[in-house]
Amino acid sequence: MTIRVVVADDQALVRRGFAMILRINADIEVVAEAGTGLEAIEAARLQRPDVVLMDIRMPEMDGLEATSRILQEADWPVRVLILTTFEPDEYVYEALRVGASAFVLKDIPPEQLAVAVRTVAEGGALLAPSITRRLIDQFAGRRVVSSAASGRVARLTDREREVVIAVARGASNSEIAEQLFIGAATVKSHVSSILAKLGLRDRIQIVIFAYESGLIEAGDHDVGH
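Because the structure is predicted, anything quoted here is derived from the model rather than measured.

(A) Region of the structure containing unusual backbone geometry. Backbone geometry places Arg-48, a non-glycine residue, at a positive phi of 50°. Of note, Arg-48 is situated in the loop between helix H2 (37-47) and strand S3 (51-55). With phi around 70°, Glu-60 is a residue other than glycine that occupies positive phi space. Structurally, Glu-60 can be placed in the loop between S3 and helix H3 (63-73).

Here it is as structure tokens:
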């Protein structure tokens with residue numbers, strides 16, 4: 001199955017470089033390139049890609065607003081992979097909050113870019129536990145508990161709440177299984193149920209939900225690492 005990709009970056013050389021790297025993979029098709037957020041939205045509408053590689057800082061409309069618009073309007077399963085030149089910062093956190101599935105640094109080794117696209121296309125969230133913890137360290141303290149998010153907690157079973165908290169602390173599925181004395185397959189099942197009940201895309205959004213709902217407090221994320 002071919003993964004259809006739109007590459008959005010305002011720097012033509014960077015944009016075309018990413019497109020060239022992806023095009024050497026038989027299972028990836030770059031269907032469009034965009035130089036602005038507005039162009040990215042239009043390309044997504046026309047091409048209905050599986051994945052959008054989205055730069056953050058672009059003219060006319062930045063990648064955050066474009067990401068939000070694409071995900072709100074899409075009536076097909078599309079995922080956004082954020083491209084950034086810097087370590088996780090507030091822009092990246094906001095991108096994840098509005099629904100992006102992952103981010104990668106622009107200096108990623110070429111062979112890893114296709115891996116990242118495949119991971120996101122398959123429904124994975126490309127955010128290592130260590131990066132999750134660093135993001136939360138930097139930004140969770142700024143958020144205000146959302147009453148809407150708090151109300152949705154009631155949809156979860158006690159066990160599912162435990163899984164949400166563990167995910168928010170940066171634990172992998174194997175670590176959650178060990179902590180809660182359950183099998184890895186059971187953890188996956190709980191995560192799937194949580195996503196369905198809360199209408200979330202991936203475990204990154206579970207992390208954000210945990211903090212915005214008040215299930216876990218900023219700084220409370222130590223999993224023993």
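Moving on, there is more to tell.
(B) Here's a closer look at the nonpolar core. In this structure, Met-54, Val-78, Val-80 and Ile-82 are the most contacted members of the largest nonpolar core, which totals 30 residues. Looking at this core, the elements that each hand over two or more residues are strand S1 (3-8), strand S2 (28-34), H2, S3, H3, strand S4 (79-84), helix H4 (90-97) and helix H11 (203-212). When residues no more than four places from it in sequence are discounted, the contact partners of Val-80 are Val-52, Met-54, Thr-67, Leu-71, Ala-100, Ser-101 and Ala-102. Listed in part, the 26 residues of the second largest apolar core include Val-164, Val-167, Ile-182 and Tyr-211.

(C) The pairing of S3, seen in detail. Of all 5 residues making up S3, 5 are buried, and the element is well covered by its neighbours. Of the two faces of S3, the one carrying Val-51, Leu-53 and Asp-55 and the one carrying Val-52 and Met-54 are both buried. Across 4 bridges, S1 lies against S3 in parallel orientation. When the sheet's bridge partners are listed, Val-5 is paired in S3 with Val-51. In the classification by handedness, the crossover that spans S3, the intervening H3 and the parallel S4 is right-handed.

Analysis parameters
Residues numbered from 1 in each chain as written. Predicted model: local features only at pLDDT ≥ 70, side-chain atom pairs only at ≥ 80, totals over all residues. Heavy atoms only, no water. Helix = DSSP H or I, 4+ residues; strand = E, 2+ residues; numbered from the N terminus. Core = buried A, V, L, I, M, F, W, Y, C linked by side-chain atoms within 4.5 Å. Buried < 20%, exposed > 50% of the residue type's maximum accessible area, 1.4 Å probe, protein only. Contact = heavy atoms within 4.5 Å. Pairing = 2+ DSSP bridges. Right-handed = clockwise from strand over helix to strand, strands pointing away.

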